[in-house]
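Spelled out from the first residue to the last, the chains are:
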Amino acid sequence: MSKITDKYKLNDVMYSREQIEARAAEIGRQITADYAGEEVIFVGILRGAVMWLSEVIKSVELEALLDFMVVSSYGEATKTSGVVRIDKDLTEDIDGKHVIIVEDVVDTGITLNYLKDYIGSRGPASVKVCALLDKPSRRQKPVDIDYLGFTVENIFIVGYGLDVAQRYRNLPYITSVTVVEP
């Protein structure tokens, strides 16, 4: 164990791999129907959205391009700093194209609100959001989520790409963590 993982206790499974895969397949089919005959650029927000994006795109039967951005407002903390930082920008030209931002969790809405405006300023045909999890009780900025996996309460979630201090991303399910007192 590391000093980081010793600080957290994993709780019961909230969403199993099978539940996540089933919901991702439903969303992939919906995206296929919504964009029939169109090309879509999926923009995965690294690192957390990688597993969710890979699940959703498996069921998308369209011309689909992938791009990635690294955006942070958390760093090593469990609470947002409120300051959005772009560490890796898009490489694809999105002008006149349909873009779906794929995010792991929508929390305060600060990062996603910023991203929608930022990407929208580049002239795409449309910008939509696909998120694995939504925490509406934490919302500080309004955000429309077009394709949503699950809604969760205000607890710290890990697994299936979500982390605490870069740990637990590889869990094949979603759970919450509890801080263990020393």
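Residues numbered from 1 in each chain as written. Predicted model: local features only at pLDDT ≥ 70, side-chain atom pairs only at ≥ 80, totals over all residues. Heavy atoms only, no water.

Would you explain the sheet that holds strand 1 (residues 8-15) in this entry?
The strands that make up a sheet pair up through hydrogen bonds in the backbone, lying either parallel or antiparallel. Here we have three strands laid out as an open sheet, ordered 1-9-8, and antiparallel in their pairing. Looking at which strands have only one partner, the edges of the open sheet turn out to be strand 1 and strand 8 (157-158). The pairing of strand 8 with strand 9 (residues 174-179) spans two bridges and is antiparallel. Paired with V158 across the strands is T175, a residue of strand 9. (Pairing = 2+ DSSP bridges. Helix = DSSP H or I, 4+ residues; strand = E, 2+ residues; numbered from the N terminus.)

Is there a simple way to explain the pattern of salt bridges in this structure?
Should their charged atoms come close, side chains of opposite charge can pair. In total, this model carries eight salt bridges according to the counting rule given. Between K88 and D67 there is a salt bridge, and its shortest N-O distance comes to 3.8 Å. Note that K88 is positioned in strand 4 (residues 85-88) and D67 in strand 3 (residues 63-72), a separation of 21 residues in sequence. Look at D67 and you get buried, because its relative accessible area is 3%. A salt bridge links R122 to D89; the nearest nitrogen and oxygen atoms lie 2.7 Å apart. Here D89 lies in the loop between strand 4 and strand 5 (98-106) and R122 lies in the loop between helix 3 (110-120) and strand 6 (126-134), a separation of 33 residues in the sequence. Look at R122 and you get partly exposed, because its relative accessible area is 29%. Relative accessible area serves as the criterion here: at 25%, D89 is assigned to the partly exposed category. (Salt bridge = Lys/Arg side-chain N within 4 Å of Asp/Glu carboxyl O. Buried < 20%, exposed > 50% of the residue type's maximum accessible area, 1.4 Å probe, protein only.)

Looking at this structure, I do not really get the packing of aromatic side chains. What am I missing?
Any aromatic ring pair is given by two values, namely how distant the centres are and how the planes are angled relative to each other. Going through the model one piece at a time under the given rule, you end up with two aromatic pairs. Between Y15 and F150, the ring centres sit 4.0 Å apart and the planes meet at 25°, which makes this aromatic pair stacked. Pair noted here: Y15 is in strand 1 and F150 is in strand 7 (residues 147-151), with a separation of 135 residues, a long-range link. With relative accessibility at 16%, the residue Y15 sits in the buried group. Seen from their ring centres, Y114 and Y118 are 6.1 Å apart, and the 10° between their planes marks the pair as stacked. Separated by four residues within a single helix, Y114 and Y118 lie in helix 3, roughly one turn from each other. Looking at Y114, the relative accessible area reads 36%, which means it is partly exposed. Looking at Y118, the relative accessible area reads 22%, which means it is partly exposed. (Phe/Tyr/Trp six-rings, centres within 6.5 Å; stacked < 30°, edge-to-face > 60°.)

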